[in-house]
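Report on the structure
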Amino acid sequence: MPKPSLKDAILDAGLKVMFRTGYHGTSVRDVTTAAGAPQGSFTNHFRSKEAFASEVLDRYFDLTRSLVAEALQDVSLSPRARLKRYLDVITGRLEADGFGRGCLIGDLSLEATGSSEMLRVRLADIFAEWRVPFAACIAEAQTRGEIASDFEPEELADFLLASWQGAILRMKVDRNPKALERFKSIAFQTVFKELT
């Protein structure tokens, strides 16, 4: 009888360890120890630490996609309210972690893109995909007259994601939600202000 695969356990452990110590601060030994797996299991499933980090990132982005869909596809809310809801949902998750852990996508964007072309390309693809549902929601809000049409929906979606990532980074430094709340307040009083 074949041994059960430890791949999922290693990926789950890797997500937790990378959040705590970052890409460069995480060793294969750290991950396998956290997973309760022999180091050989790591090399059986992943050809490199880069490939492993890419799969951890994909796993994290799967969760992010579900949070985006939960907020932005809720047609019981106006498009503008859906955008606010997404930011509130993420704020709640960050609060549950004591404002000490941010977004793995943002963390790896800062830390790994200078040393790993594979991760840089994967992160660029993630941001491009991540922008799509936000741009669609913004376009709907513009069509309904909820948000000004001064900028293209894709530009506003990029602004929203990039600025929000910056607010999350500042939140991690301060260990409180002030940067998140400041971003939401200013963004929704200016760029995403209600027109009606």
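Note that the structure is a prediction, hence the values are computed from the model and not measured.

**Quick look at the nonpolar core**
Residues Phe52, Leu83, Tyr86, Ile105, Trp130, Phe134 and Phe192 are the most contacted members of the largest nonpolar core, which totals 56 residues. Those elements that provide at least two residues to this core are helix H1 (7-21), helix H2 (28-35), helix H4 (49-72), helix H5 (79-96), helix H6 (104-111), helix H7 (117-143), helix H8 (153-174) and helix H9 (178-189). For this core, the leading source of residues is H4, giving 10 residues. Filtering out sequence-adjacent residues up to four positions away, Phe52 remains in contact with Ile10, Leu11, Gly14, Met18, Val31, Phe42 and Phe46.

**Remarks on the state of the cysteines**
Covalent bonding between the sulfur atoms of two cysteines is what defines a disulfide. A full pass over the atoms with the stated rule returns 0 disulfides. Looking at the unpaired Cys103, the closest cysteine sulfur is the one in Cys137, lying at 19 Å. Residue Cys103 is classed as buried on the basis of its relative accessible area, which comes to 6%. Residue classification places Cys137 among the buried residues on the basis of a relative accessible area of 3%.

**Details of H5**
Across its 18 residues, H5 extends 26 Å between first and last C-alpha, which sits within 8% of the 26 Å expected from 1.5 Å per residue. Turning to H5, its buried residues are Pro79, Arg80, Arg82, Leu83, Tyr86, Leu87, Ile90, Thr91 and Leu94. Those residues of H5 that are buried are in contact with H4, H7, H8 and H9.

**Remarks on the pattern of salt bridges**
One pass over the full model with this rule turns up 18 salt bridges. Residue Arg65 is joined to Asp62 by a salt bridge in which the shortest nitrogen-to-oxygen separation is 2.4 Å. Here Arg65 pairs with Asp62, and both are found in helix H4, just 3 residues apart, close to one helical turn. Among the salt bridges present, the one from Glu70 reaches Arg85, with a minimum N-O distance of 3.7 Å. Separated by 15 residues along the polypeptide, Glu70 in helix H4 and Arg85 in helix H5 bring together distant segments of the chain. Through salt bridges with shared partners, one network takes in Asp8, Asp12 and Arg59.

**Things to note about the side chain of Arg80**
If you trace the backbone, Arg80 turns up in helix H5. At 3.1 Å, the side chain of Arg80 and the backbone oxygen of Phe188 are in polar contact. From its side chain, Arg80 meets the backbone oxygen of Phe192 in a polar contact 2.6 Å long. Setting aside residues up to four positions removed in sequence, Arg80 forms contacts with Ala141, Glu146, Ile147, Phe188, Phe192, Lys193 and Glu194.

**What about H9?**
Spanning 12 residues, H9 covers 16 Å between terminal C-alpha atoms, matching the ideal 16 Å at 1.5 Å per step. Within H9 the residues assigned to the buried category are Ala179, Leu180, Phe183, Lys184, Ala187 and Phe188. Angular distribution of buried residues about the axis of H9 spans 145°; they occupy a single face of the element. Facing away from the buried surface of H9 by more than 90 degrees, the exposed residues are Lys178 and Gln189. The inward-facing, buried residues of H9 contact H5 and H8.

Here is what the cut-offs are and how they apply
Residues numbered from 1 in each chain as written. Predicted model: local features only at pLDDT ≥ 70, side-chain atom pairs only at ≥ 80, totals over all residues. Heavy atoms only, no water. Core = buried A, V, L, I, M, F, W, Y, C linked by side-chain atoms within 4.5 Å. Buried < 20%, exposed > 50% of the residue type's maximum accessible area, 1.4 Å probe, protein only. Helix = DSSP H or I, 4+ residues; strand = E, 2+ residues; numbered from the N terminus. Contact = heavy atoms within 4.5 Å. Disulfide = S-S within 2.5 Å. Expected span 1.5 Å × (residues − 1). Salt bridge = Lys/Arg side-chain N within 4 Å of Asp/Glu carboxyl O. Polar contact = N/O pair within 3.5 Å; in protein donor to acceptor, adjacent residues only side chain to side chain. Arc of directions from axis to C-beta.

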